[in-house]
Amino acid sequence: MFHVEHVKLMFPEYDIIVIGAGHAGCEAASAAARLGSKVLMVTMNMNTIAQMSCNPAIGGVAKGQIVREIDALGGRSGLITDKTMIQFRMLNLSKGPAMWSPRAQSDRMRFAEEWRLTLEQTENLDLWQEMVSGIIVKDKRVVGVRTSLGIEIKSKAVILTNGTFLNGLMHIGEKQFGGGRSAEHAATGITEQLIELGFESGRMKTGTPPRVDGRTLDYTEMEEQKGDTNPSKFSFLPESKSLTEQRSCWITYTNSTVHETLKTGFEQSPMFKGRIQGLGPRYCPSIEDKINRFAERDRHQIFVEPEGWHTVEVYVNGFSTSLPEGVQHKALQQIPGFEKAKMFRPGYAIEYDFFPPTQLKLSLETHLIDSLYFAGQINGTTGYEEAACQGLMAGINATRKNNKEDPFILKRSDAYIGVLIDDLINKGTDEPYRMFTSRAEFRLLLRQDNADIRLTRKGHEIGLASNRRLSLLEEKENAIADFLKKIKKEKLSPNDGNTRLEELETATIVEKSAIAQLIKRPQVHFSSLEGLTPSLDLLLNNHSEEVKDQAEIQLKYATYIEKEKENSERINQLETLFIKKDFAYHSIPSLSAEAKEKLLKIQPETLGQASRISGVSPADISVLMVYLGK
């Protein structure tokens with residue numbers, strides 16, 4: 001046991017202790033420290049800070065929007081992704097702008113290294129390598145943590161970002177290993193203590209595919225998947241640069257022979273034999289689950305993803321499995337291009353503890369213990385991006401609580417981050433939660449291209465987004481306004497424009513027509529109108545692609561954007577009707593029994609939040625409105 005005075009010398013009292021150094025922990029510690037909190041990040045292994053435990057990629061459908069929102073608020077994930085990516089693609093460009101989603105293939109080792117270097121260079125942030133075995137609670141308030149060495153470290157707030165490490169258990173066939181990740185120990189003690197304190201817990205599972213030696217693959221048997229010809233990036237800051245060269249990914253497919261080989265391992269499958277109790281991610285099933293659930297399909301897509309610029313290690317996306325390693329290897333070698341594949345390590349499934357997020361406030365602080373925050377997979381989410389944004393919000397709100405400031409809450413109409421947290425707190429989740437564009441009712445407002453317009457002022461107001469970010473935003477907004485003002489004066493005559501309109505397979509014009517009206521046609525873009533008139537060319541050449549793209553979206557979808565704004569404002573009116581803490585729901589006879597149970601458990605702060613709780617009906621909300629009016 002450490003002497004008390006020695007501990008005080010080693011560890012002064014911190015404002016915030018962050019437990020865990022995954023994507024949630026990194027954003028939480030970084031944000032809190034940059035807001036002025038004295039922060040200690042405790043991790044079991046400093047060599048695996050910001051480890052990409054699953055695929056080496058950031059972003060994707062809806063997830064890419066989250067990363068741009070993190071960047072707009074002043075977080076770090078976008079900047080670090082831009083510095084370490086090896087490929088960039090904007091997904092869903094064939095659909096409307098609400099669906100466009102940035103995705104980057106990352107250099108796994110460089111990504112983790114860049115995060116660590118960033119944290120080491122952050123003022124107010126200390127690091128300590130050890131397992132935290134419990135929190136210290138006094139009068140229902142967290143006052144520090146206790147480590148496996150018996151050290152007690154004091155703090156005003158604690159953020160738990162334990163990922164898959166809480167009583168983690170890995171499965172490969174009939175073999176089981178305690179651990180939170182391949183070759184890393186599980187974290188013990190915290191779950192049991194939280195249950196003693198009155199928290200509900202559950203088990204979830206996730207999985208990962210085998211990694212293979214890229215030198216043993218035959219890429220001529222696969223389809224090449226290149227990055228974008230003109231790649232973009234995640235961060236809105238100009239010093240973050242787009243790629244000038246990229247590495248390709250590849251696509252291949254399983255077949256009936258692969259499926260039959262995999263089936264030979266089903267008798268030893270921990271999933272089918274009931275050894276795995278936790279619920280897995282619905283939208284990222286294991287390969288054995290795919291061939292069992294979709295027996296009518298004779299093939300499944302496999303994405304072959306390089307893990308970095310220089311390593312030969314390859315991630316086999318789409319082949320997540322916990323079957324015996326021998327079965328994995330044999331089945332892999334029956335995939336086109338993998339006939340001589342050598343495995344570096346097998347795939348595995350992992351079970352871990354989580355805590356239903358209905359036990360949290362919208363600030364991510366727990367109801368039961370004051371100044372204790374949960375972020376990331378401990379809340380039942382899956383994915384780096386979902387974890388990172390929760391960490392960011394927990395770091396912000398723990399700092400604000402210590403400073404006696406109101407919590408920073410994003411509404412569903414503000415950001416995907418707001419949708420995610422609102423879903424978790426009000427609906428809960430009994431399976432790993434993944435963000436999709438379909439979860440956002442205002443997704444036309446929540447586009448990836450306007451994240452800075454939506455959020456940078458908010459980030460600046462709380463002190464996280466810099467003055468420079470705000471200045472860059474104002475310059476961008478002024479340039480967009482200038483372009484829109486001028487483009488609305490531009491007209492196109494039939495002589496100048498009809499040949500081009502015919503080429504674009506859209507109706508010709510019979511008189512001078514406003515460019516701002518023509519651009520509303522699906523076939524017409526500013527880029528397709530170049531070279532038609534000198535004044536139009538001058539205007540287009542004097543503005544950046546970012547400004548023209550933003551203006552085009554605003555013109556093309558003006559009616560729909562305005563309608564969504566009206567809907568969001570109408571719904572947000574319910575957010576102004578506050579419900580006092582400890583409201584006596586049980587004393588209102590007209591409320592349904594389920595509504596009383598859910599409202600007492602979640603303790604919504606506004607009528608708007610109450611209306612989104614699963615099990616609370618519109619009739620219950622009407623009753624509440626009457627009582628609130630009284």
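Calculation notes
- Within each chain, residues carry numbers counting from 1 in the order of the written sequence.
- A pLDDT threshold of at least 70 governs which residues receive local features in this predicted model, and a stricter bar of 80 or more applies before side-chain atom pairs are shown or counted, although totals over entire chains, interfaces and linings include all residues.
- The side-chain numbers reported here are obtained from all heavy atoms of the structure, hydrogens and water having been left aside.
- Two strands are said to pair when DSSP picks up at least two bridges between them.
- Helix and strand definitions follow DSSP, with helices as H or I runs of at least four residues and strands as E runs of at least two, each counted in order from the N terminus.
- Lines are fitted to the C-alpha atoms to define the axes, a helix being fitted only along its stretch in contact, and any angle between axes, read from their N-to-C directions, falls within 0 to 180 degrees.
- Here is the rule for angles: anything less than 35 degrees is roughly parallel, anything more than 145 is roughly antiparallel, 65 through 115 is roughly perpendicular, and the remaining ranges are oblique.
- A crossing counts as left-handed when the near helix is turned anticlockwise from the far one by less than a right angle, and as right-handed when that turn is clockwise.
- In what follows, residue pairs with any heavy atoms lying within 4.5 Å of each other are defined as contacts.
- Stacked, edge-to-face and tilted are the three classes for Phe, Tyr and Trp ring pairs, Trp counted by its six-membered ring, which pair at centre distances within 6.5 Å; planes under 30 degrees apart are stacked, over 60 edge-to-face, the rest tilted.
- Only protein chains enter the calculation, and the probe is 1.4 Å; a residue is then buried if its accessible area is under 20% of its type maximum, exposed if over 50%, and partly exposed in between.
- By nonpolar core is meant a set of buried Ala, Val, Leu, Ile, Met, Phe, Trp, Tyr and Cys residues that side-chain atoms within 4.5 Å join together.

Student: How would you summarise the sheet that holds strand β5 (residues 101-106) if you had to cite specific residues and measurements?
Tutor: If you trace the 3 strands from one edge of the open sheet to the other, you get β3-β5-β4, paired in antiparallel fashion. The open sheet has two edge strands, β3 (57-59) and β4 (85-91), and neither has a second partner. Averaged over all pairs of adjacent strands, the angle between strand axes in this sheet comes to 15 degrees, irrespective of strand direction. Pairing geometry for β4 and β5, over 6 bridges, is antiparallel.

Student: How would you explain the packing of helix α4 (residues 77-84) against helix α5 (residues 108-120) if you had to name every residue and give the values?
Tutor: How two helices sit against one another is set out by the angle between their axes and by the gap between those axes. Their axes nearest at 9 Å, the elements α4 and α5 cross at an angle of 135 degrees. Relative to α5, the element α4 lies oblique. Where α4 crosses over α5, the two elements pack in a sense that is right-handed. Touching Ser-77, Ile-80, Thr-81, Lys-83 and Thr-84 of α4 are Arg-110, Phe-111, Glu-114, Trp-115 and Thr-118, all from α5.

Student: Could you give an account of the packing of aromatic side chains, with specific residues and numbers?
Tutor: The tally for this structure, following the rule as stated, stands at 8 aromatic pairs. Ring geometry for Phe-11 and Trp-128: centres 4.9 Å apart, planes at 85 degrees, overall edge-to-face. One end of the pair, Phe-11, is in the loop between α1 (4-10) and β1 (14-19); the other, Trp-128, is in strand β6 (residues 125-129), and 117 residues separate them in sequence. On the accessibility criterion, Phe-11 (8% relative accessible area) is buried. Between Phe-355 and Phe-374, the aromatic rings sit 5.8 Å apart at their centres with planes inclined by 55 degrees, giving tilted as the arrangement. Within this pair, whereas Phe-355 is found in the loop between β19 (348-354) and β20 (372-374), its partner Phe-374 is found in strand β20, the two being separated by 19 residues in sequence. One exposure class covers both Phe-355 and Phe-374, and it is buried.

Student: How would you sum up the nonpolar core? Please name residues and give values.
Tutor: Of all hydrophobic cores here, the largest spans 116 residues; its most connected members are Leu-160, Leu-372, Ile-417 and Leu-624. With 9 residues, the top contributor of residues to this core is helix α10 (residues 384-402). If sequence neighbours within four positions are ignored, Leu-160 has contacts with Ile-19, Ile-135, Ile-190, Leu-194, Leu-372, Tyr-373, Phe-374, Ala-375 and Ile-378.

Student: Account for the environment of Tyr-433, with residues named and values stated.
Tutor: Turning to its location among the elements, Tyr-433 is positioned in the loop between α11 (416-427) and α12 (451-461). Its relative accessible area of 4% is what places Tyr-433 among the buried residues. Separated by 51 residues in the primary sequence, Tyr-433 and Thr-382 have C-alpha atoms spaced 5.7 Å apart. The contacts of Tyr-433, once residues within four sequence positions are left out, are Gly-380, Thr-381, Thr-382, Val-419, Leu-420, Asp-423, Leu-424 and Arg-439.

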